[in-house]
Amino acid sequence: MEKQALKIEKATKEDIKDILEMYKKRVIYNIEHDMKQWTLEEVTLEEFSKTYTIDDYYVGKCDGKVVCGMFIVDVDKLYWPSEKKGNALYLHKIVVDPDYSKRGYSDLLIEYFKEKGRREGYPKVRLDVKEHKDKLRSMYEKHGFQIVEKKQIFSEYKTVLYHFVFENSKKD
C-alpha cells in the first residue's frame, strides 16, 4: 500500500467524532489480536474529558481523514506528581487507526511531539507506558527516550516512565 503524506495538526471540535471512532477501532483490533491496551469504556469523550480538552489533542490526517493522534499536555499529576507545570511536555494515548498501521505514523507522531517540546523551549519531553508493552517501549527507546523510573501506579501492572532531554534547553 502506498504511503500517504501525513499532516499533523491541532485537533478541532469537528474532529472529535473521528477521533473517538479511531480509538474504538484500535481497541477492537487490539482485543482481536490479544493486545490489551485500553477498554472501550476508557476511550469515550466522557473519560477523555476528565483529564484532557480538545485543545490538548493533535491529529494526523491523510487526505483530510483522521488516521492517528495523541494528547500533549504540560502537566501530568498522575504519573509525574512532583513536577511543576511547564517543566516538560507529556505524551498520552498515542494511537494509529489499524487500517493505517505499519506506515511509520507512530514514528512521525513521536518526532512531532519531540520537536514541539524543543521548539517551545522545554528541557524535556516525557511519556509513560505499561511495563509489559515491549513493542511500544522499544519504539520509544528507538526515538531516544530513556527510562527514568519503573513504579506501581496501578495495581494490575507496573508503569515505566520515560523522558527525552534536550541539549541546550532554554527552561530549567
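Look up a bit, the structure's there.
Quantities reported herein were computed from a predicted structural model and do not represent experimental measurements.

### Some thoughts on the overall build of the protein chain
Okay, so step 1: Secondary structure summary: the protein chain contains 4 helices and 7 strands in total.
Okay, so step 2: For the protein chain, the α and β elements follow one another from N to C terminus as β-α-α-β-β-β-α-β-α-β-β.
Okay, so step 3: Scaling as 2.2 N^0.38, a compact globule of 172 residues should have a C-alpha radius of gyration of about 16 Å, and the protein chain matches this with 16 Å.
Okay, so step 4: Summarising its shape, the C-alpha atoms of the protein chain cover approximately 40 × 35 × 30 Å along the three principal directions.
Okay, so step 5: Taking all 172 residues of the protein chain together, 47% fall into the buried category.

### Some points on the nonpolar core
Okay, so step 1: Residues Met70, Tyr105, Phe113, Tyr140 and Phe145 are the most contacted members of the largest nonpolar core, which totals 28 residues.
Okay, so step 2: Contributions of two or more residues to this core are made by strand E2 (57-62), strand E3 (65-73), strand E4 (89-96), helix H3 (105-119), strand E5 (124-130), helix H4 (134-142) and strand E7 (157-165).
Okay, so step 3: In terms of nonpolar packing, the next biggest core, distinct from the first, is built from 22 residues, Trp38, Ile54, Tyr57 and Val66 among them.

### Quick notes on the sheet that holds E3
Okay, so step 1: Strand order in this open sheet of 7 strands is E1-E2-E3-E4-E5-E7-E6, and the pairing throughout is mixed. Each edge of the sheet is formed by a strand with only one pairing partner; in this case those strands are strand E1 (7-10) and strand E6 (146-154). On average, adjacent strands in this sheet sit at an angle of 30° to one another, irrespective of strand direction.
Okay, so step 2: Of the strands in this sheet, E4, E5, E6 and E7 are in contact with H4, which crosses E5 at around 165°.

### Regarding unusual backbone geometry
Okay, so step 1: Located in the positive-phi region is lysine 93, a residue other than glycine, with phi close to 55°.
Okay, so step 2: Topologically, lysine 93 is positioned in strand E4.
Okay, so step 3: We classify lysine 93 as partly exposed; its relative accessible area is 26%.
Okay, so step 4: The phi dihedral of lysine 102 is positive, around 65°, even though this residue is not glycine.

### Examining the packing of aromatic side chains
Okay, so step 1: Scanning the entire structure with this criterion turns up 15 aromatic pairs.
Okay, so step 2: For the pair phenylalanine 154 and tyrosine 157, a centre-to-centre distance of 5.4 Å together with 35° between the ring planes defines the contact as tilted.
Okay, so step 3: Taken together, a centroid distance of 5.4 Å and an interplanar angle of 65° make the contact between phenylalanine 164 and phenylalanine 166 edge-to-face.
Okay, so step 4: For phenylalanine 164, a relative accessible area of 15% puts it in the buried group.
Okay, so step 5: In textbook terms, an aromatic cluster arises when at least three aromatic residues are bridged by ring pairs, as seen for Tyr23, Trp38, Phe48, Tyr52, Tyr57 and Phe71.
Okay, so step 6: Residue placement shows arginine 126 over the ring face of tryptophan 80; its charged tip is 4.0 Å from the ring centre.
Okay, so step 7: Cation over ring: lysine 130 sits above tyrosine 157, and NZ or CZ is 4.8 Å from the ring centre.

### Remarks on the pairing of E3
Okay, so step 1: Counting buried positions along E3 yields 8 of 9 residues, so the element is predominantly enclosed.
Okay, so step 2: Pairing between E2 and E3: 6 bridges, direction antiparallel. By the bridge assignment, cysteine 62 is partnered in E3 with lysine 65.
Okay, so step 3: Judged from the 5 bridges that link them, E3 and E4 form a sheet pairing that is antiparallel. When the sheet's bridge partners are listed, cysteine 68 is paired in E4 with valine 96.

### Focus: the side chain of lysine 124
Okay, so step 1: Looking at the secondary structure, you find lysine 124 in strand E5.
Okay, so step 2: In this structure lysine 124 is buried but unpaired, with glutamate 83 as the nearest side chain of opposite charge at 5.0 Å.
Okay, so step 3: Not counting residues within four places of it along the chain, the set of residues in contact with lysine 124 comprises Asn87, Ala88, Leu89, His163, Phe164, Val165 and Phe166.

Each value, and the rule that gives it
Residues numbered from 1 in each chain as written. Predicted model: local features only at pLDDT ≥ 70, side-chain atom pairs only at ≥ 80, totals over all residues. Heavy atoms only, no water. Helix = DSSP H or I, 4+ residues; strand = E, 2+ residues; numbered from the N terminus. Rg over C-alpha atoms; globule rule 2.2 N^0.38 Å. Buried < 20%, exposed > 50% of the residue type's maximum accessible area, 1.4 Å probe, protein only. Core = buried A, V, L, I, M, F, W, Y, C linked by side-chain atoms within 4.5 Å. Pairing = 2+ DSSP bridges. Axes fitted to C-alpha atoms, helices over the stretch in contact; angles between N-to-C directions. Contact = heavy atoms within 4.5 Å. Phe/Tyr/Trp six-rings, centres within 6.5 Å; stacked < 30°, edge-to-face > 60°. Lys NZ or Arg CZ within 6 Å of the ring centre and 35° of its normal. Lys, Arg positive; Asp, Glu negative; His and termini not counted. Salt bridge = Lys/Arg side-chain N within 4 Å of Asp/Glu carboxyl O.

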